Every structure is written in C-alpha cells, then in structure tokens.
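Residue-level structure breakdown
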Amino acid sequence: FDTFRSLTMPPPKGKKGKGKGKGKNKNQNQGGGHQGRGKGKGPKGKGPKGPKGPKRKGSPQKPKSKLNEKQQFELVKSKMENNIDSMYTQYTTKHKETMKTFFGIFTKHNQLQLRELIKASMPKVNDQITDKCLKQTQKDENRDINQFIFLGDIVIGAYATELKNNDKDLLLRAFCILPYFRNLGFGSRLMVKLLKSVAQRKKLQNLFIYIEEENKKGIAFVERFGFEICENKKVENNQNDKPKNGIKEEKKQQNDCLDVGNYVKLKLDVKIYRQSVMVLVRKQIKDEEEASKHAKKNDSNKHK
C-alpha cells in the first residue's frame, strides 16, 4: 500500500518551521515530509519569509491621571483655608510665637465646662442657651461649627451655633473669650476657624449673630470679618419667660434673642463669601499650573 501510494499520490509538503528541527526526516527521498522524532539534530527548518504585515499598534498611552475626586476636594479645602488665613493675618498673628492655640470639639463630657466658660464670659448668653441646644452642638455633623479654643491645656473660649431654615442659615448663639485673654488675637483666631468651616458647607447661605446695640466694640469686631447690620430687634420683658435655675426652658425659647434689650442683627452672606474665596483659590491653582508648565519647558530647553 505504501508503494502504491508513493507512485500514485504526490508526497505531502513538509511544514515550514521557524525553529530548529531536532529529528531526521524519515521520508527525505520522497520529497520531504513531517519531521521525525528520532535522535540527532536535523537541519534548521527555515522557510521563506512572507510579506511583512502591518505593525500592530499598541493601546494609546493614557495621559497622566489627574487628581481623583477626593484629592481634588482636599486640595481645594486646603487652599480655601490658606486663603482665609491670609485674609486676616494681621488680626490672628498677635503673639504667635509665645501663644500657640488649637481647637477642640464639644462632647457630653465637657458640656459643664462649656456652661462655666459661657457663664464666666457672657452671663446673659448663658441664660439664653438651652441644654437641648447644647446637645445639638455635640452631634458629629455639627462639630466643625461648634468648637473650643485652647491655650496649652486651658480652655479660653468657644463658639456655639444652631442651624435653622433647613440648614440654610446658621445662628451664632455664643462667641466668647475669657476676659483675661481678650485683645490678644484669640477671638480673631476663633472667628477664622468658624469661617473656614462655614465656607465649606455648600448648603449654608447665611451666618447670623445678635449683639447688643451698646456693644460697639463687639459690632466692630464682627464687621471686620464681613458681617453687615441687617436688622434692629427689641426684646421686651415677659414675666412668664424667666429662666429657671439660670437656664431657659425649652418651650419658652421662641425668639433668637431671649434677654430683654435692644439688639443688632448682623449677617454674613456665606454664599458670596464662599464665591469670593473660590475666586482666589482658582486663580492660585491656575498660576501654579502655569508655573509648573513654564518650569518643565525650561528644563526641556536646557537638555536640548
């Protein structure tokens, strides 16, 4: 059968290999066949090269990844805080080297300490603030807008706020520095800390504070930070609305200012304030990007 097949059928063509053959072809006399598996080294199976196909293009190089959302947020936040700091440097840097301060949050464990602080600094305000209001300041979501200021390990001041109008307005219930530590820049540091937190709350639109009309120094202080007088308010005496044990009852607290007297209501438009700060932030980021491009261009020119 093999003899008949070799006479009647053309021999199969051998496969063209690119590698080295390791065996001898048993049918070399029959015009080439498949390589055998015997021992010994056979000739290299080099076939004619075909036409070159088009080069395979690799996947396009991705541009360098930009900052992700979290990094972008942290960058903007940091630059906002730096710009707000720089706006009030002349007020906050008094005795900077010798009197370093830091801030702390309100908790249920230091509520009594807060009471004593407000009582020593602003007795009338202490009567206006209820325990319910102080408990609201201890919530996690409100801790950035309610803070102590410490000098070393001593609490020297604090601010307490209350959100209103579906969290669009913020009322500054208490803002105090112990009398001995006033006129040293600590009040300005405390206000700057509040403004940093307020500017980062996108939903917040207004910040309000009530100050007695006769307190000209206090009014001038908050006007320094952009507050403007928007209303004069008079609170009259109500015999049924007296504080019990120095603390106002929850159901009696209907007015923003509960103590008898004439008050000035001042307002900071947080929306405009935030936009103004963001203009500075965007300009700063743009300047930094242009400076970086210019520096890279100069480096490439030097290498050339």
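As a reminder, the structure under discussion sits directly above these lines.
Keep in mind it's a predicted model, so treat the numbers as computed, not measured.

1. Focus: helix 4 (residues 111-121)
Counting along an α-helix, one turn takes 3.6 residues, and residues three or four places apart therefore face a common direction. Buried residues of helix 4: Gln111, Leu114, Arg115, Leu117, Ile118 and Ser121, and no others. Viewed end-on, helix 4 has its buried residues packed into an arc of 165°, placing them on one side of the element. Here the buried face of helix 4 lies against helix 5 (123-128), helix 6 (131-136), strand 2 (147-151), strand 3 (154-164) and strand 4 (169-177).

2. A closer look at the sheet that holds strand 5 (residues 206-212)
Here we have seven strands laid out as an open sheet, ordered 1-2-3-4-5-7-6, and mixed in their pairing. The outermost strands of the open sheet, each flanked by one partner alone, are strand 1 (101-105) and strand 6 (228-235). Direction aside, the axes of adjacent strands within the sheet are offset by 25° on average. Where strand 4 and strand 5 come together, four bridges link them in parallel fashion. When the sheet's bridge partners are listed, Leu171 is paired in strand 5 with Phe208. Of the strands in this sheet, strand 1, strand 2, strand 3, strand 4, strand 5 and strand 7 (261-269) touch helix 7 (residues 186-199), which is tilted by about 160° from strand 4. On the sheet, helix 8 (residues 216-223) packs against strand 4, strand 5, strand 6 and strand 7 and is oriented at approximately 165° with respect to strand 5.

3. A word on the pattern of salt bridges
Taken as a whole and assessed by the stated rule, the structure comprises ten salt bridges. Between Lys164 and Glu162 there is a salt bridge, with the nearest N and O atoms lying 4.0 Å from each other. We classify Lys164 as partly exposed; its relative accessible area is 30%. Given the relative accessible area of 24%, Glu162 is considered partly exposed. One salt bridge connects Lys265 with Glu231, and the closest N-O pair in it is separated by 3.9 Å. Here Glu231 lies in strand 6 and Lys265 lies in strand 7, a separation of 34 residues in the sequence. Residue classification places Lys265 among the buried residues on the basis of a relative accessible area of 14%. Note on Glu231: relative accessible area 34%, which makes it partly exposed. Look at the salt bridges and you will find they share partners, linking Glu162, Lys164 and Arg173 into a network.

4. Quick notes on the environment of Asn262
The residue Asn262 is located in strand 7 in this model. Owing to a relative accessible area of 38%, Asn262 belongs among the partly exposed residues under this scheme. A C-alpha to C-alpha distance of 8.7 Å links Asn262 and Glu236, two positions 26 residues apart in sequence. Those residues in contact with Asn262 that lie beyond four places of it in its chain are Ile211, Glu212, Glu213, Lys233 and Lys234.

5. Some remarks on the pairing of strand 4
Of all nine residues making up strand 4, nine are buried, and the element is well covered by its neighbours. Examined bridge by bridge, strand 3 and strand 4 share eight bridges and lie antiparallel to one another. Paired with Ala160 across the bridge in strand 4 is Ala174. A loop of four residues connects strand 3 with strand 4, the two strands running antiparallel in sequence, and Asn165 in this loop sits at a positive phi of about 55°. For the crossover that starts at strand 4, traverses helix 7 and ends in the parallel strand 5, the hand is right-handed.

Cut-off values and rules
- Residues numbered from 1 in each chain as written.
- Predicted model: local features only at pLDDT ≥ 70, side-chain atom pairs only at ≥ 80, totals over all residues.
- Heavy atoms only, no water.
- Buried < 20%, exposed > 50% of the residue type's maximum accessible area, 1.4 Å probe, protein only.
- Helix = DSSP H or I, 4+ residues; strand = E, 2+ residues; numbered from the N terminus.
- Arc of directions from axis to C-beta.
- Contact = heavy atoms within 4.5 Å.
- Pairing = 2+ DSSP bridges.
- Axes fitted to C-alpha atoms, helices over the stretch in contact; angles between N-to-C directions.
- Salt bridge = Lys/Arg side-chain N within 4 Å of Asp/Glu carboxyl O.
- Right-handed = clockwise from strand over helix to strand, strands pointing away.

Bear in mind that shape data such as this cannot, by itself, settle questions of function.
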